[in-house]
Amino acid sequence: GDVSGAEPFLLLLVAVIALIAIFGRPEKDERPAELAKAGSAGNKVTMGDFGTLSAEELTIGQRVAVREANEAWMDGEVVSLDPVKVQVDGFLSAHRFRYIKASNAPKKPLDPFMQRYLADKDKLQQLPTSDAMGPTTQQYLEDKARQQQQLGAGKE
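Here's what I pulled together on the structure shown here.

The rules behind the values
Residues numbered from 1 in each chain as written. Predicted model: local features only at pLDDT ≥ 70, side-chain atom pairs only at ≥ 80, totals over all residues. Heavy atoms only, no water. Helix = DSSP H or I, 4+ residues; strand = E, 2+ residues; numbered from the N terminus. Buried < 20%, exposed > 50% of the residue type's maximum accessible area, 1.4 Å probe, protein only. Contact = heavy atoms within 4.5 Å. Areas by Shrake-Rupley, 256 points an atom, 1.4 Å probe, with all protein chains shown as cover. Pairing = 2+ DSSP bridges. Axes fitted to C-alpha atoms, helices over the stretch in contact; angles between N-to-C directions. Salt bridge = Lys/Arg side-chain N within 4 Å of Asp/Glu carboxyl O.

From N to C terminus, the chain includes four helices and four strands. The buried share of the chain, reckoned over its 156 residues, is 15%. Contacts in the chain between residues far apart in sequence, at least 24 positions, make up 38% of those at least 6 positions apart. If you sum the accessible surface of the chain, you get close to 12300 Å²; carbon and sulfur atoms cover 58% of it.

Set out below in structure tokens:
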């Protein structure tokens, strides 16, 4: 039949209540102590390997492993302390990461594709804009000045 605006909302509400009733939800007392503390700022204890070093424990140039969540650790180098930023091996720029731990992994060389990309990028920055992309600003200004001179010469 007809479904009024309130009926879908009520159906969703009933479904959510049913799921809570079936699966329950953990009470604060049921959670392990380290999980209860994990959400508080500055606490390094979480499930799994989620320890992190503070800016005071790091130095510029230090080799570290970083990640954002429960993903593979990536090796990199500390390039900034305020804010803490790490240049991950193979990344083009430094980034902030949620989890940082000390690492003694050697720096990985850039793969050949990235080496070619960076070499080509430097070359491309030196090239003038091509005709296919339109005139450069300098060409545009020169053409405009030439047209104004031609218009002025035609009036005499």
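Once the structure has been displayed, the description carries forward.
Let us look at the pairing of strand S2 (residues 74-81). As judged from the four bridges shared by strand S1 (residues 63-67) and S2, these two strands associate in the antiparallel manner. Note on S2: the bridge partner recorded for Arg63 is Glu77. In this sheet, strand S3 (residues 84-88) lies alongside S2 in antiparallel orientation, the contact comprising five bridges. Along S3, the bridge assignment pairs Ser80 with Lys85. Counting the residues between successive antiparallel strands, the hairpin from S2 to S3 contains two residues.

Moving on to the sheet that holds S2. Spatial strand order, S3-S2-S1-S4: four strands in an open sheet with antiparallel pairing. In this open sheet, the two strands that pair with only one neighbour each are S3 and strand S4 (99-102). The average undirected angle you get between the axes of adjacent strands in this sheet is 45 degrees.

By the element assignment, Gln62 lies in the loop between helix H2 (33-38) and S1. Residues Gln62 and Val79, spaced 17 residues apart in sequence, show a C-alpha to C-alpha distance of 8.3 Å. Residues contacting Gln62, with those up to four places away along its chain left out, are Leu53, Glu57, Gly76, Glu77, Val78 and Ala102.

A word on the pattern of salt bridges. Under the defined criterion, the tally for this structure stands at three salt bridges. For Lys108, the salt bridge identified is with Asp75, shortest N-O distance 3.7 Å. On the criterion of sequence distance, the pair formed by Lys108 in the loop between S4 and helix H3 (112-126) and Asp75 in strand S2 is long-range, its members being 33 residues apart. Ionic pairing is found between Asp143 and Arg146, a salt bridge with its closest N-O pair at 2.9 Å. Note that Asp143 and Arg146 are positioned in helix H4 (residues 137-155) at a spacing of three residues, about one turn of the helix.

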